[in-house]
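One-letter residues, chain by chain:
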Amino acid sequence: MATVELRFSAQPEHVRTARLVAAAVARRAGVDEAVLDEVRLAVGEACSRAVGLHRSNGLTTPIRVVLTEEEKTFSIEVGDEVPGAGAAAAAGVPGARAEAPAEELDDTGAEDEMGLAVIRGLVDDVEVTAGEDGGTIRMSWPTTPAEADVDVLS
């Protein structure tokens, strides 16, 4: 299992770098070329969401992106350190906290839900969790095995 970990300060201009790194690692891992745009868009949404949460909560800790290549899957985890981040949007997701009362949702909550809806539309296998140490969006895609070099006997 090969892993690449990326940490960046919560600045919007760093989201593009995370997208480029994710696409490069996904390509190397064997994710189908036709799906790479979806990988870039999903990572961009997840990282933008994390940046927004950090900035709106005054956190200076970095955003964490972990890219993992396994035997048949490629996964990306984008983590923030905002306690309870995305609790309303993650309602009903195993491991997530209960839904926040409607009066607690503001424009940030609506924007958060829209970003998660976009991610869920792009990625078939997505898991959103929120806890006291922050939130995580885990996304995964199937990979195609690399063609083995095989000598053909005549």
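Preceding this section is the structure that the text describes.
Residues numbered from 1 in each chain as written. Predicted model: local features only at pLDDT ≥ 70, side-chain atom pairs only at ≥ 80, totals over all residues. Heavy atoms only, no water.

**Topic: helix α2 (residues 36-56)**
Taking 1.5 Å as the rise per residue, α2 with 21 residues should run 30 Å; its terminal C-alpha atoms sit 30 Å apart, in good agreement. Restricting attention to buried positions, one finds in α2 the residues Leu36, Val39, Ala42, Val43, Gly44, Ala46, Cys47, Arg49, Ala50, Val51, Leu53 and His54. (Helix = DSSP H or I, 4+ residues; strand = E, 2+ residues; numbered from the N terminus. Expected span 1.5 Å × (residues − 1). Buried < 20%, exposed > 50% of the residue type's maximum accessible area, 1.4 Å probe, protein only.)

**Here's the deal with the packing of helix α1 (residues 15-29) against α2**
Two numbers describe how α1 lies on α2: the axes approach to 9 Å, and their chain directions differ by 145°. Between α1 and α2 lies a crossing of right-handed hand. Residues Val15, Ala18, Arg19, Ala22, Ala23, Ala26 and Arg27 of α1 pack against Leu36, Val39, Arg40, Leu41, Val43, Gly44, Cys47, Ser48 and Val51 of α2. Among the residues making up the contact of α1 with α2, the classes are represented as eleven nonpolar, two polar and three charged. (Axes fitted to C-alpha atoms, helices over the stretch in contact; angles between N-to-C directions. Left-handed = near helix turned anticlockwise from the far one by under 90°. Contact = heavy atoms within 4.5 Å. Nonpolar A, V, L, I, M, F, W, Y, C, P; charged D, E, K, R; others polar.)

**Observations regarding the side chain of Thr136**
Position of Thr136 among the secondary structure elements: in strand β5 (residues 134-142). When sequence neighbours within four positions are dropped, the list of residues in contact with Thr136 reads Arg64, Glu77, Val78, Gly79, Glu127, Val128 and Thr129.

**Quick notes on the pattern of salt bridges**
Throughout the structure, instances matching the rule amount to eight salt bridges. Arg40 serves as the salt-bridge partner of Asp37, at 2.4 Å between the closest nitrogen and oxygen. On the criterion of helical spacing, the pair formed by Asp37 and Arg40 is a turn pair, its members being three residues apart in helix α2. Note on Asp37: relative accessible area 46%, which makes it partly exposed. For Arg40, a relative accessible area of 21% translates into the label partly exposed. One salt bridge in this structure joins Glu77 and Arg64, with 4.0 Å as the shortest N-O distance. On the criterion of sequence distance, the pair formed by Glu77 in strand β3 (residues 73-79) and Arg64 in strand β2 (residues 63-69) is long-range, its members being 13 residues apart. (Salt bridge = Lys/Arg side-chain N within 4 Å of Asp/Glu carboxyl O.)

**Quick look at the nonpolar core**
In terms of nonpolar packing, the biggest core is built from 31 residues, with Phe74, Ile76, Val78, Met139 and Trp141 touching the most fellow members. By residue number, the principal contributor to this core is α2, which donates eight residues. Sequence-distant contacts of Trp141, defined by excluding residues within four places in its chain, comprise Val31, Val35, Val39, Ala42, Lys72, Thr73, Phe74, Ile76 and Val123. (Core = buried A, V, L, I, M, F, W, Y, C linked by side-chain atoms within 4.5 Å.)

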